[in-house]
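Listed below, chain by chain, are the residues.
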Amino acid sequence: MRSWAPGLLLALLAAAPALADEPPVMVLDGDVSALYTNGDFVVWNPKPAGRGSMMTAATAVAKPGDKPPSIESTLDIVAKAPIGPDGRFRLEAVADDPRRVYFYVLNAVSPEGHRMAPVKGNGFILEAGELKLTMSNRGRFAIEGGAYNDAVYNTWRLSDDYKAAQADQARLYTPVDGESEEDKRRRLDLAAEAQNKVLSLESEGRAHIATTHPDPMVRRLTIETTWLSGPWMLDALRGLAELTPGDPWVVERLARAEEGAAKRAEERKRFAIGADIRDFTADTLEGDAVSLADVRADSRLVLLEFWASWCGPCRVEIPHMKEAYDRFREKGFEIVSFTIDDDREAWEEASDEEDLPWINLGMGPEAEAPTAYNVTGVPKNYLVDSGTGDIVAKDLRGHKLDEKLEELLN
């Protein structure tokens, strides 16, 4: 032993600097078996869109008639791992500094043989260490094991109050066999209240972290990952500016937030009930140009619906919108949907899955329509009197749409 132990010691000492230079790594063990038993788990870096708060993955846009680029080819991919038949995967990625990333499940096929469109908006913090991801059959997920993920997300997402509110929401949105129309509307009113509670708990949780956490990085990551902003955002950014004076990201984000607050106040006036609708022209998937003015000329009421393939609440609403469309179309009701998808393939796949029967327009968050209506989040809709061009209602969901159509068309 004594004859070779010094040599072994020298070899280990020689290797030590090389080991010290190894970059930190995130190891993510995932279980998505509730929804997927095939496909690829892809982590990617987001790119800020030109008008501020929305994020985009894709950059290439195919022209009508051209073969669209694959979603994967448009991503800034960090890491990728295959999902096994048991719905599990293991992914490794370099994690120099904690930062926001998103993930897609691509190339997945349902048990019925249908290609599954990726769900957008699934974000987490890429950080060094061993993390674990689990997903429910409703697509909700949690990542545990990372200090920043715990601080930014899990302090509110894994709380008893939040999980109970989510359970109430899921229960109340589940149809009940044999229920009357009155009972259905009452249940959906309660479901809307439960959904608002879920959103309120998330907003409160994020606001608390972004305004009180002692680590400036946690505050910044919370702000970066927030899609449900509120009046607290300005306070959070001002507090972060005091903790990190001169930080270019904070300075720019604070200026943009102050400008956005002023703009939103003006938008509330421009798109209030009774305001004039704004005309626009956009293309269908087939490349046909359609103007809102032409649609108004052939209808009594038009529902202008902004949505996206990755927007869960948008797609949950589509079956009910189809029912309303069938009931009121012959009385002059028309729907014009506009997707803010920036990837043509995702728009096409979601449209095929939903089998949309109305006028289906796009393309992207920078197009004329979402720009004119300052769409920074979906779902969003406006009900328009075709004759006057006035907005008669907005953000109608579920039976609230039915009741307004009954009032105006019967």
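Residues numbered from 1 in each chain as written. Predicted model: local features only at pLDDT ≥ 70, side-chain atom pairs only at ≥ 80, totals over all residues. Heavy atoms only, no water.

**Notes on the overall build of the protein**
In plain terms, the rule: Working definition: helices are DSSP H or I runs of at least four residues, strands are E runs of at least two. Numbering for both runs from the N terminus. Any residue under 20% of the maximum accessible area for its type is buried, any over 50% is exposed, and the rest in between are partly exposed; the area is computed with a 1.4 Å probe on protein chains only. When checking whether two residues touch, look at their non-hydrogen atoms; a contact exists if any pair is within 4.5 Å. To measure how exposed things are, a 1.4 Å probe is used in the Shrake-Rupley method; for residues, cover is taken only from the protein chains shown.
If you tally the helices and strands in the protein, you get 12 helices and 17 strands. Residue burial in the protein is summarised as follows: out of 410 residues, 47% are buried. Contacts in the protein between residues far apart in sequence, at least 24 positions, make up 68% of those at least 6 positions apart. For the protein, the exposed surface amounts to about 20,500 Å²; the carbon and sulfur share of it is 52%.

**A short note on the packing of aromatic side chains**
The condition is simple: To pair, rings of Phe, Tyr and Trp, with the six-membered ring standing in for Trp, must have centres within 6.5 Å; the planes then decide the type, stacked if under 30 degrees apart, edge-to-face if over 60, and tilted in the middle. Criterion for a charge above a ring: Arg CZ or Lys NZ at most 6 Å from the ring centre, at most 35 degrees from the ring normal.
On inspection of all chains with the given rule, the structure shows 15 aromatic pairs. Their ring planes at 25° and their centres at 5.3 Å tell us that W44 and Y102 sit as a pair that is stacked. Residue W44 is located in strand β2 (residues 40–45), and its partner Y102 is located in strand β7 (residues 99–106); the two are separated by 58 residues in the primary sequence. Measuring from centroid to centroid gives 5.1 Å for W44 and Y104, while their planes differ by 50°, and the two rings are tilted. With W44 in strand β2 and Y104 in strand β7, this pair connects stretches of sequence that are 60 residues apart. With respect to burial, W44 and Y104 carry one shared label: buried. Sitting above the plane of the F141 ring, R157 keeps its charged end 4.9 Å from the centroid.

**A few points about the nonpolar core**
Definition in use: Note on terminology: a nonpolar core comprises buried Ala, Val, Leu, Ile, Met, Phe, Trp, Tyr and Cys residues joined through side-chain atoms within 4.5 Å.
Core analysis: the biggest nonpolar cluster contains 48 residues, and F280, F306, F333, Y373 and L405 have the highest contact counts within it. Those residues in contact with F306 that lie beyond four places of it in its chain are C314, F338, A369, P370, Y373, V375, V378, P379, K380 and Y382. By size, the runner-up hydrophobic cluster in this structure holds 24 residues, among which are L28, V32, A79 and L126.

**Points about the pattern of salt bridges**
Spelled out, the test is: Any carboxyl oxygen of Asp or Glu within 4 Å of a side-chain nitrogen of Lys or Arg constitutes a salt bridge here.
Under the defined criterion, the tally for this structure stands at 23 salt bridges. Here E179 makes a salt bridge to R187, at a shortest N to O gap of 2.6 Å. Of the charged contacts, one joins R397 and E305 as a salt bridge, the two residues approaching to 3.0 Å between their closest N and O atoms. Remark: E305 occurs in strand β13 (residues 301–307) and R397 occurs in the loop between β17 (391–394) and α12 (399–409); sequence separation between them is 92 residues. When salt bridges with common partners are traced through the structure, they connect E181, R185, R327, E403 and E406 into a single cluster.

**Some remarks on the sheet that holds β7**
Either a parallel or an antiparallel arrangement is found when strands of a sheet pair, and the pairing is made through backbone hydrogen bonds. Basically, it comes down to this: Strands pair, by our definition, only if DSSP identifies at least two bridges between them. Where helices are involved, their axes are fitted lines through C-alpha atoms of the stretch in contact, as for all axes, and angles between N-to-C directions lie from 0 to 180°.
The strand order across the open sheet formed by 4 strands is β5-β2-β7-β8, and the pairing between neighbours is antiparallel. Across the chains shown, the open sheet's two edge strands, defined by having one partner strand only, are β5 (76–82) and β8 (123–126). Across the sheet, the axes of successive neighbouring strands diverge by a mean angle of 35°, strand direction being ignored. Two elements, β7 and β8, share 4 bridges in a ladder whose sense is antiparallel. Each bridged residue has a counterpart across the sheet, and for R100 the counterpart in β8 is I125. Packed onto the sheet, helix α5 (residues 216–225) meets β7 and β8 and runs at close to 40° relative to β7.

**Here we look at α5**
How we decide: Under this definition, polar contacts are N or O atom pairs within 3.5 Å; protein pairs additionally need one hydrogen-donor-capable and one acceptor-capable atom, and for neighbouring residues in sequence, both atoms have to be side-chain atoms.
In terms of burial, α5 is a largely internal element, 7 of the 10 residues being buried. Looking at α5, one finds that the buried residues are V218, R219, L221, T222, I223, E224 and T225. Looking at the packing, one finds that the buried side of α5 touches β7, β8, α2 (147–157), α4 (181–212), α6 (232–243) and α7 (248–270). Two to three positions downstream of the cap, the backbone nitrogen of M217 sits 2.9 Å from a side-chain oxygen, assigning the N-cap of α5 to D215.

**Quick look at the state of the cysteines**
How we decide: Any pair of cysteine sulfurs within 2.5 Å is marked as a disulfide.
Scanning the model with the defined rule gives 1 disulfide in all. Disulfide pairing places C311 opposite C314 at an S-S distance of 2.2 Å. The S-S bond linking C311 to C314 shows a torsion near 80°; that makes this disulfide right-handed.

**Describing the sheet that holds β13**
With respect to topology, 7 strands assemble into an open sheet ordered β12-β11-β15-β14-β13-β16-β17, the strand pairing being mixed. The sheet is open, and its two edges are formed by β12 (289–291) and β17, each paired on a single side. Taking each pair of neighbouring strands and ignoring which way they run, the sheet shows an average axis angle of 35°. Where β13 meets strand β14 (residues 333–339), 7 bridges bridge the pair, whose relative direction is parallel. Note that in β14 the partner of V302 across the bridge is E334. Where helix α10 (residues 344–354) meets the sheet, its contacts fall on β11 (281–284), β13, β14 and β15 (359–362), and the angle it forms with β15 comes to roughly 165°. The strands touched by α12 are β13, β14, β16 (380–385) and β17; relative to β13, the strand with the most contacts, the crossing angle is about 160°.

**Some points on the confidence of the model for the protein**
For clarity, the cut-off: pLDDT: the predictor's confidence for each residue, scored from 0 to 100.
Of all residues in the protein, 89% attain a pLDDT of 70 or more, and the chain-wide mean is 86. A low-confidence stretch, residues 1–19 (pLDDT under 50), is modelled with 0 contacts involving residues beyond four sequence positions or located in other chains. Low confidence marks residues 49–64, where pLDDT is under 50. Its contacts with residues over four positions away, or in another chain, come to 51 contacts.

**Some thoughts on the pairing of strand β1 (residues 25–31)**
For β1, the tally of buried residues reaches 5 of 7 residues, placing the bulk of the element in the interior. Inspection of the sheet shows β1 paired to strand β6 (residues 88–94) by 7 bridges, in the antiparallel sense. Among the inter-strand pairings, L28 is bridged to a residue of β6, identified as L91.

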